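The chain contents come next:
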Amino acid sequence: MATYAPQPAWELRARAVSSARVAAPVGLGLLVLLSIYVRTRQAGVGFWIDEGLSVGIADRPLHDIPGVLRQDGSPPLYYVLLSVWMALAGHSEAGTHALSLLFTLICVPVAWWGGRLLFGSRTGWMAAVLAAANPFMTQYAQETRMYALLILLGLLVLVCWLRAFAADPPADGAVRRGPVAGFAVAFAVMLYTHNWAIFFGLATGAAGVALLALADPADRPRLLRTALLAYGGALILYLPWLPTFLYQTAHTGAPWSHAPSLAALAGVPAKVLGETAEIALVLAAGAGLVTILSRGDGRRHDAAGRTVIALALIGVLTVLLAWLSSQVTPAWAPRYLAVAVPPFVLLAAAGLGHAGRLGVAGLVLAVLLSVAVDGPPGEKSNVRDVTEAVAPSLRPGDLVVATQPEQVPVLSYYLPAGLRYATLTGPVRDVGVTDWRDGVARLQRTSARRDLAPLLDTLRTGQRLVLIQPIIYDLKPWSAPWTELVRLRSEEWTQYMSNDRRFGVTLQHPTSLLPRRPVPVQATVYLKTA
């Protein structure tokens, strides 16, 4: 009878480590491939308003970008990165969408790393799968905007913050310098990406206060030193942009937005986790989160429990602070909820990772629903279609008048070179950016007689004017201060053109306003005959 000598323990451990080193990159590589498949199916969809602005702002020398953003209201980082990217990948829809795709692909290993570091290997893989299939990330992986970058930075900020504040304190009571430095840099970069990072930062501060209250009194001085270094470092890095931010706050804003309703607030989890996947994730992850929190002893929770509490506070407070702020000064848009995706995804991953078979079943169901049902839109606007229809009739020197000023950058992207552009406030010199400074006050002073008539007089006989105006299906979205003025002036401009006998209509597209399309416009081409 043959006998076998047992393998040494060190050899078994070495094989396990070697297997893990192979399995991790292979597994992450497969998830990245899944993400590429899911997030490139609509990569060539035409631009809408905001994407035209992105390309227009980025398509200039790097040193000009910060100055032009005084008109727009956004921080500069994404546009600088996009400018460099376009020099390499071109200006096409697919080429510029690829930068956002890259950011979401990087989110997969970052989510794995963060989940594993905070809760263990199982949660790491749950987080990686969610990052690969999350519908919100899938939509904005195929959009030339900063939201994919914002999610990536949010993940980095969260992991560093949680390691600095929620992990078990070091034996020597020292500040964890690595996570603190990582947070300061990543949060500053996040502030340079989107202004809603401010709400994210305030939410982490509130969560820090909660952890301070839960902490052992002996550990509180360390947490206070950690906060001083982390937030102080981020503020120092953000100081160069602060004067511009204050100017933007005073003169720009979001006059197109309404104050969000309670229904909008209640619908946030579905927006960030997936309209159809939300229920599966909430039920399955909820069971696991209860398991984590039940391990605590009264007021004292272990590191995993503190991390769950902090994630929940950060996710909820980020959204709540933004919602409350928008009640006073409306600036709410579902796409801005990118800042809430990281805490909700990590929270869901932690719950799934501690829910046993229920967690696996919930994850599988959520992924299937996310991929099969919660896909990105197949069309964002009809601007590309409209411009293709009218472009053959236009010649250099013809005039394009957009009664919705923010449409000019995307119109100029698609229409041929050599055309002139104007909006309700007059000629546009820089077609790559919309000037939002004191926009409502400027629109209130406009009229067709004052602002359109001089434009018509600049056209010679035989030249064309293209009047491009929004198609309005419902009045409610067009009742904010900016959009209401755009709607009223569009009607006024159209009537004025109809009354001017020097002009005749040669083309209109689309001729039918149905079926409904997202962010639609209609173009009417007039020929000056006298």
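Our subject is the structure that appears above.
Residues numbered from 1 in each chain as written. Predicted model: local features only at pLDDT ≥ 70, side-chain atom pairs only at ≥ 80, totals over all residues. Heavy atoms only, no water.

### What about the overall build of the protein chain?
At step 1: When its secondary structure is counted, the protein chain shows 23 helices and 6 strands.
At step 2: On C-alpha atoms alone, the protein chain measures out to a radius of gyration of 26 Å, which is about the 24 Å that the 2.2 N^0.38 rule sets for 530 residues.
At step 3: The buried share of the protein chain, taken over its 530 residues, is 52%.
At step 4: A sequence separation of at least 24 residues applies to 79% of the contacts in the protein chain between residues at least 6 apart.
At step 5: As displayed, the protein chain has an accessible area near 22700 Å², and 64% of this comes from carbon and sulfur atoms.
At step 6: A distance of 4 Å separates the average location of the 43 positive side-chain charges in the protein chain from that of its 32 negative side-chain charges. (Helix = DSSP H or I, 4+ residues; strand = E, 2+ residues; numbered from the N terminus. Rg over C-alpha atoms; globule rule 2.2 N^0.38 Å. Buried < 20%, exposed > 50% of the residue type's maximum accessible area, 1.4 Å probe, protein only. Contact = heavy atoms within 4.5 Å. Areas by Shrake-Rupley, 256 points an atom, 1.4 Å probe, with all protein chains shown as cover. Lys, Arg positive; Asp, Glu negative; His and termini not counted. Charge placed at Lys NZ, Arg CZ, Asp CG, Glu CD.)

### Regarding a nonpolar patch on the surface
At step 1: A contiguous nonpolar surface patch, about 450 Å² in accessible area, is contributed by Val22, Val26, Leu30, Leu33 and Ile36.
At step 2: Looking at where isoleucine 36 falls in the secondary structure, it is placed in helix α1 (residues 9-38).
At step 3: The exposure class assigned to isoleucine 36 is partly exposed, which follows from its relative accessible area of 30%. (Patch = residues over 30% accessible without salt bridge, like charges linked within 9 Å, V, L, I, M, F, W, Y side chains within 5 Å. Salt bridge = Lys/Arg side-chain N within 4 Å of Asp/Glu carboxyl O.)

### Digging into unusual backbone geometry
At step 1: Looking along the chain, the bond that leaves histidine 509 and enters proline 510 is cis, with omega of -5°.
At step 2: In this structure, the amide linkage connecting leucine 514 to the following residue, proline 515, adopts the cis form with an omega of 0°.
At step 3: In this structure, proline 515 sits in the loop between β5 (503-509) and β6 (521-528).
At step 4: Positive phi outside glycine occurs at aspartate 438, with the angle close to 45°.
At step 5: A positive phi is found at valine 519, a non-glycine position, where the angle reads about 45°.

### Side note on the pattern of salt bridges
When the charged atoms of two side chains with opposite charge come close together, those side chains can pair.
At step 1: Per the counting criterion, the structure on display carries 17 salt bridges.
At step 2: Residue aspartate 50 pairs with arginine 335 through a salt bridge whose shortest N-O separation is 3.2 Å. Of this pair, aspartate 50 sits in helix α2 (residues 49-58) while arginine 335 sits in the loop between α16 (303-328) and α17 (341-353); the two residues are 285 residues apart in sequence, bridging distant segments of the chain.
At step 3: Residue aspartate 50 is classed as buried on the basis of its relative accessible area of 10%.

### A closer look at the side chain of arginine 489
At step 1: In this fold, arginine 489 is placed in helix α23 (residues 481-499).
At step 2: Glutamate 492 provides the closest opposite charge to the buried, unpaired arginine 489, separated from it by 4.1 Å.
At step 3: There is a polar contact of 3.4 Å between the side chain of arginine 489 and the backbone oxygen of glutamine 444.
At step 4: Contacts of arginine 489, omitting those with residues within four sequence positions, involve Leu424, Leu443, Gln444 and Thr446. (Polar contact = N/O pair within 3.5 Å; in protein donor to acceptor, adjacent residues only side chain to side chain.)

### Details of the packing of aromatic side chains
At step 1: Counted by the stated rule, this structure contains 19 aromatic pairs.
At step 2: Their ring planes at 50° and their centres at 6.3 Å tell us that phenylalanine 47 and tyrosine 414 sit as a pair that is tilted. With phenylalanine 47 in the loop between α1 and α2 and tyrosine 414 in helix α20 (residues 408-414), the pair connects residues that are 367 residues apart, well separated along the chain.
At step 3: Looking at tyrosine 414, the relative accessible area reads 18%, which means it is buried.
At step 4: Pairing tryptophan 436 with tryptophan 482 gives two aromatic rings, centres 4.7 Å apart and planes at 50°, and the pair type is tilted. Here tryptophan 436 is found in the loop between β3 (426-427) and α21 (439-444), whereas its partner tryptophan 482 is found in helix α23, with 46 residues between them in sequence. Neither residue differs from the other here; tryptophan 436 and tryptophan 482 are each classed as buried. (Phe/Tyr/Trp six-rings, centres within 6.5 Å; stacked < 30°, edge-to-face > 60°.)

### Things to note about the nonpolar core
At step 1: Counting 130 residues, the largest nonpolar core has Trp161, Met190 and Leu415 as the members making the most contacts within it.
At step 2: Counting residues per element, this core draws most heavily on helix α8 (residues 147-165), which supplies 16 residues.
At step 3: Once residues lying within four places of it in the same chain are set aside, the contact partners of leucine 415 are Thr387, Val390, Ala391, Leu394, Val400 and Tyr421.
At step 4: Counting 21 residues, the second largest nonpolar core, distinct from the first, contains Ala422, Leu456, Trp482 and Tyr526. (Core = buried A, V, L, I, M, F, W, Y, C linked by side-chain atoms within 4.5 Å.)

### Focus: the environment of isoleucine 65
At step 1: Among the secondary structure elements, isoleucine 65 is positioned in helix α3 (residues 65-72).
At step 2: On the basis of relative accessibility, which here comes to 0%, the residue isoleucine 65 falls in the buried class.
At step 3: As a C-alpha pair, isoleucine 65 and tyrosine 79 span 14 residues in sequence and 7.3 Å in three-dimensional space.

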